[in-house]
Amino acid sequence: MSSDSRSPLVVTIDGPAASGKSSTSQMVAEALGMRHLDSGMIYRTVTAARLRIGGPPASWTEESVLAAASRATVAPGAPGATSFEPRLDGAECEAEIRGEAVTATVSLVAKMPRVRIWVNALVRATAATHEIVVDGRDMGTAVFPDARLKVWLVASPAERARRRVLQRTGREPTAAEVALETSELEARDLKDRQQTQPATDAVWIDTTGITQAEQVRRIVELATAKR
Ligand code: DC
């Protein structure tokens, strides 16, 4: 079900890891004069907060992660920015949340049901004060079942792997690099599969054979029609 045209516009963009959600969402938000919120960034910030406390991740309780979550928040970026930035104890923490330690443990945190409730409440509170393009795994299902536009972005695992290595190294990857990255991505897909589901009313966009500019153009066109 979709909400009527008087409610604030929320565009959800969901899909598996490395499907291009965040960069596409950012460009869509800029084109529409909205703000981009990356919900994966919030799971990462909560994970970084818990990592700062210490102890082996296998022993983390949900209570201890929730206690750490109270130190995490998101804030609108500098004037003119079209995204939200992660804050930990009030300070910007982008480099920390993109680091290896967080990437290796964030799936564990994202599986905790009460952490998901906490993150979802923060995302909804943010949408109450801004028109947002929000990306993640379950934004169109669990968080904004009434969003006016829901997009499900997909691409083949090999194409997602190719893009990821290209982004990291700045050059076209070898076949061996693509193969290695594909198996890592498939392992991640498996870890996150429970919460990574398309809404029944989502518009599917397969980005395997199209440019990012084309993806953005299609989504902006769909969103403009809903405004
Ligand atoms: O997209 P990402 O790599 O930044 O996501 C980080 C982790 O958070 C990943 O394990 C998937 C999870 N996640 C989630 O479970 N639900 C969301 N809405 C967004 C991310």
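In the block above lies the structure referred to throughout.
The rules behind each value
- Residues numbered from 1 in each chain as written.
- Predicted model: local features only at pLDDT ≥ 70, side-chain atom pairs only at ≥ 80, totals over all residues.
- Heavy atoms only, no water.
- Pairing = 2+ DSSP bridges.
- Helix = DSSP H or I, 4+ residues; strand = E, 2+ residues; numbered from the N terminus.
- Near = heavy atom within 4 Å.
- Polar contact = N/O pair within 3.5 Å; in protein donor to acceptor, adjacent residues only side chain to side chain.
- Areas by Shrake-Rupley, 256 points an atom, 1.4 Å probe, with all protein chains shown as cover.
- Nonpolar A, V, L, I, M, F, W, Y, C, P; charged D, E, K, R; others polar.
- Salt bridge = Lys/Arg side-chain N within 4 Å of Asp/Glu carboxyl O.
- Core = buried A, V, L, I, M, F, W, Y, C linked by side-chain atoms within 4.5 Å.
- Buried < 20%, exposed > 50% of the residue type's maximum accessible area, 1.4 Å probe, protein only.
- Contact = heavy atoms within 4.5 Å.
- Expected span 1.5 Å × (residues − 1).
- Arc of directions from axis to C-beta.

## Quick word on the sheet that holds strand S3 (residues 72–76)
Alright, step 1. The three strands are arranged S3-S4-S5 in an open sheet whose pairing can be described as antiparallel. Only two strands of the sheet have a single neighbouring strand rather than two, namely S3 and strand S5 (91–92).
Alright, step 2. The pairing of strand S4 (residues 84–88) with S5 spans two bridges and is antiparallel. Across the sheet, the residue bridging to Leu-88 is Ala-91, located in S5.

## Topic: the site of the ligand
Alright, step 1. Within the structure, the ligand sits among 15 residues, and Arg-44, Arg-116, Asp-138, Arg-188 and Gln-195 are positioned closest to it.
Alright, step 2. Side-chain polar atom of Ser-39 to a nitrogen atom of the ligand: 3.1 Å apart, as the coordinates give it.
Alright, step 3. A distance of 2.9 Å is found between a nitrogen atom of the ligand and a side-chain nitrogen or oxygen belonging to Asp-138.
Alright, step 4. About the coverage of the ligand: the protein hides 95% of its 450 Å² of free accessible area.
Alright, step 5. Counting only elements with at least two residues in the shell around the ligand, the list comes to helix H2 (39–53), helix H5 (100–110) and helix H9 (175–192).
Alright, step 6. A per-element tally of the shell around the ligand places H2 first, with four residues.
Alright, step 7. A breakdown of the residues in the shell around the ligand according to their chemical character gives four nonpolar, five polar and six charged.

## Remarks on the pattern of salt bridges
Note on pairing: side chains with opposite charge can pair once their charged atoms come close.
Alright, step 1. For the coordinates displayed, the defined rule picks out 21 salt bridges.
Alright, step 2. One salt-bridge network, in which partners are shared between bridges, spans Arg-52, Arg-71, Asp-89 and Glu-96.

## Concerning unusual backbone geometry
Alright, step 1. Even without glycine at this site, Ala-18 takes up a positive phi of about 60°.
Alright, step 2. Not every positive phi belongs to a glycine, and Asp-89 is a case in point at roughly 50°.
Alright, step 3. With respect to the secondary-structure elements, Asp-89 resides in the loop between S4 and S5.

## What about the nonpolar core?
Alright, step 1. Ranked by internal contacts, the top residues of the largest apolar core, which has 34 residues, are Leu-37, Val-115, Val-123, Ile-132, Val-134 and Phe-144.
Alright, step 2. At the level of secondary structure, the elements contributing two or more residues to this core comprise H2, helix H3 (62–69), S3, S4, H5, helix H6 (113–129), strand S6 (132–136) and helix H7 (139–143).
Alright, step 3. In terms of residue count, H2 provides more of this core than any other element does, six residues in total.
Alright, step 4. In this view, Val-134 contacts Val-10, Val-11, Thr-12, Ile-13, Leu-37, Val-123, Met-139 and Phe-144; residues no more than four positions away in its chain are not counted.
Alright, step 5. Membership of the second largest hydrophobic core comes to 16 residues, among which are Leu-9, Val-11, Ile-205 and Ile-219.

## Comments concerning helix H10 (residues 212–226)
Alright, step 1. With 15 residues, H10 extends 21 Å from end C-alpha to end C-alpha; this agrees with the ideal 21 Å at 1.5 Å per step.
Alright, step 2. All of the buried residues in H10 are Gln-215, Val-216, Ile-219, Val-220 and Ala-223. Here the buried residues of H10 occupy an arc of 125° about the axis, which is enough to place them on one side. In H10, the exposed positions that point more than 90 degrees away from the buried face belong to Ala-213, Glu-221 and Ala-225.
Alright, step 3. Looking at the buried residues of H10, the elements they touch are strand S1 (10–14), helix H1 (21–32), strand S7 (149–154) and strand S8 (203–206).

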